[in-house]
Amino acid sequence: MAGFIQAPLSELHAPYAPLLQTALHLVSPTAVHTALDLGCGPGLKTAWLAQHVHPGGQVLGIDRSIPQSAGDAHYAWIAADAHALPLARATLDLVWCVAAYTFFERPTAVLAEVRRTLRPQGSMIIASAYQLWVRPREWPPVVFEAWRAVPPPAGDGLGAALETALRNAGFGAATCSAYLLDPPMDDPLRAALPLAAWDDLAPQIATHLTPQERAACQAAEEAVEPEPRSVLLVAVGHC
Ligand SMILES: C[S@@+](CC[C@H](N)C(=O)[O-])C[C@H]1O[C@@H](n2cnc3c(N)ncnc32)[C@H](O)[C@@H]1O
């Protein structure tokens with residue numbers, strides 16, 4: 001076990017800070033007792049996770065390669081492989097895995113390990129950036145005014161593989177949101193709505209729109225063409 005210094009968030013990850021923090025807040029609006037930053041690397045985002053842990057609770061950071069410098073003694077840093085977590089069954093409330101899932105050699109085995117170590121009401125968040133072919137809709141402004149709730153579900157099957165992997169690992173419920181990373185957007189809804197499908201939005205907002213506005217939305221859905229973009233997928237599994 002080793003501690004290390006909290007470095008400032010790297011420029012690379014700064015653009016999606018608000019997106020990740022929103023996801024964390026949605027999954028864990030109230031504090032938990034024990035949380036794990038899986039594949040924590042230098043721990044740049046572990047402090048965000050710590051904000052969702054009760055005072056007196058425990059924050060763990062696990063990575064197979066933890067920097068060996070002295071540092072923050074509030075968290076427990078453990079050098080270990082995600083495929084064999086050195087943790088007892090049902091000891092964690094929340095696991096967060098940022099920019100690490102795609103590095104795991106056997107992600108199915110890692111998810112099984114996470115599921116084993118989560119308590120019955122526990123949750124897991126997987127956040128990873130990808131270069132994907134997506135269909136970014138150019139919605140009329142009224143869509144951004146009408147949709148005010150949580151990020152919408154990702155359209156076009158984006159994130160379906162992550163949702164399936166979570167369900168196959170024994171998570172009872174799994175959802176995935178997708179966010180455009182370029183250009184960087186502070187507002188998670190602005191980043192997510194272009195990647196939502198009209199079929200998913202319409203049931204909740206169509207009644208608030210005029211027939212002309214609904215027709216404009218349908219036209220935006222039909223006109224959009226695939227293009228390669230940087231996308232952040234945030235998948236959440238609940239036990
Ligand atoms: C791109 S870094 C992300 C670090 C941190 N989560 C962040 O967002 O700043 C990916 C991390 O995953 C870790 N990692 C990859 N495979 C792992 C494994 N099998 N077990 C534990 N950690 C692993 C790497 O050592 C690396 O620190």
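An unreviewed UniProt entry lists the protein under the name Methyltransferase type 11, with Oscillochloris trichoides DG-6 given as the organism. Regarding the protein, the UniProt comment filed under Sequence similarities (unreviewed entry) reads as follows: "Belongs to the methyltransferase superfamily."

For the protein, the helix and strand inventory stands at eight helices and seven strands. Whereas a compact globule of 239 residues would reach a radius of gyration of roughly 18 Å, the protein reaches 19 Å, a difference of no more than 12%. The C-alpha extent of the protein, read off along each of the three principal axes, is 60 × 35 × 35 Å. Counting across all 239 residues of the protein, residues that qualify as buried make up 51%. A fraction of 80% describes how many contacts in the protein between residues 6 or more apart in sequence connect residues 24 or more apart. When the accessible surface of the protein is split by element, carbon and sulfur atoms take 56% of a total near 11,200 Å². Distance between charge centres in the protein, computed from 14 positive and 22 negative side chains, equals 8 Å.

Residues in close proximity to the ligand total 16 residues, the closest being G39, K45, D63, A82 and V98. Within the side chain of D63, an N or O atom sits 2.6 Å from an oxygen atom of the ligand. At 3.2 Å, a backbone N or O of R64 approaches a nitrogen atom of the ligand. A total of 590 Å² of accessible area belongs to the ligand in isolation, and the protein chains cover 86% of it. In a pocket analysis with a 2 Å cut-off to the grid points, the ligand is assigned to the largest pocket. Each residue belonging to the shell around the ligand can be placed in one class, and the counts come to eight nonpolar, four polar and four charged.

Residues with a pLDDT of 70 or more make up 92% of the protein, whose mean pLDDT is 89. When pLDDT is averaged over each element of the protein, helix α3 (residues 107-117) comes out on top at 98 and helix α1 (residues 17-27) at the bottom at 85.

You can see R64 is positioned in the loop between β2 (53-63) and β3 (76-79). Each C-alpha atom of the pair R64 and L189 lies 34 Å from the other, and the pair is 125 residues apart in sequence. Not counting the four nearest positions on each side in its chain, R64 is found in contact with A80, D81 and E105. At 3.2 Å, the side chain of R64 forms a polar contact with the side chain of E105.

In this section: the pattern of salt bridges. Enumeration according to the criterion identifies 10 salt bridges in this entry. Measuring nitrogen to oxygen at the nearest pair gives 3.8 Å for the salt bridge that ties R167 to E163. Highlighted residues: R167 and E163, both in helix α5 (residues 160-168), separated by four residues, approximately one helical turn. The class of E163 is buried, set by a relative accessible area of 19%. As a salt-bridge pair, D182 and R229 come within 3.4 Å of each other at their nearest N and O atoms.

Relative to the elements of secondary structure, A196 occurs in the loop between α6 (188-192) and α7 (198-205). Ignoring sequence-local partners within four residues, the contact set of A196 consists of R137, W139, P152, P153, G155, L201 and E221.

Before going further, it helps to examine the nonpolar core. With 68 residues, the main nonpolar core has L36, L38, V114, M124 and L232 as its most contacted residues. Not counting residues up to four positions away in its chain, the partners in contact with L232 are Y16, L19, L20, A127, S128, A129, S177, A178, Y179 and L181.

What follows covers the packing of aromatic side chains. As enumerated under the stated definition, the model contains four aromatic pairs in all. Considering the side-chain rings of Y75 and W77, the 5.7 Å spacing of their centres and the 75° angle between planes classify their relative orientation as edge-to-face. We classify Y75 as buried; its relative accessible area is 15%. A relative accessible area of 1% places W77 in the buried class.

The rules behind these values
- Residues numbered from 1 in each chain as written.
- Predicted model: local features only at pLDDT ≥ 70, side-chain atom pairs only at ≥ 80, totals over all residues.
- Heavy atoms only, no water.
- UniProt positions renumbered as here; feature names shortened; annotations may be inferred.
- Helix = DSSP H or I, 4+ residues; strand = E, 2+ residues; numbered from the N terminus.
- Rg over C-alpha atoms; globule rule 2.2 N^0.38 Å.
- Buried < 20%, exposed > 50% of the residue type's maximum accessible area, 1.4 Å probe, protein only.
- Contact = heavy atoms within 4.5 Å.
- Areas by Shrake-Rupley, 256 points an atom, 1.4 Å probe, with all protein chains shown as cover.
- Lys, Arg positive; Asp, Glu negative; His and termini not counted.
- Charge placed at Lys NZ, Arg CZ, Asp CG, Glu CD.
- Near = heavy atom within 4 Å.
- Polar contact = N/O pair within 3.5 Å; in protein donor to acceptor, adjacent residues only side chain to side chain.
- 1 Å grid on protein atoms, 1.4 Å probe; cavity = no way out; pocket = protein on both sides within 12 Å on 5 of 7 lines; lining within 4 Å.
- Sits in = over half its atoms within 2 Å of the grid points.
- Nonpolar A, V, L, I, M, F, W, Y, C, P; charged D, E, K, R; others polar.
- pLDDT = per-residue confidence, 0-100.
- Salt bridge = Lys/Arg side-chain N within 4 Å of Asp/Glu carboxyl O.
- Core = buried A, V, L, I, M, F, W, Y, C linked by side-chain atoms within 4.5 Å.
- Phe/Tyr/Trp six-rings, centres within 6.5 Å; stacked < 30°, edge-to-face > 60°.

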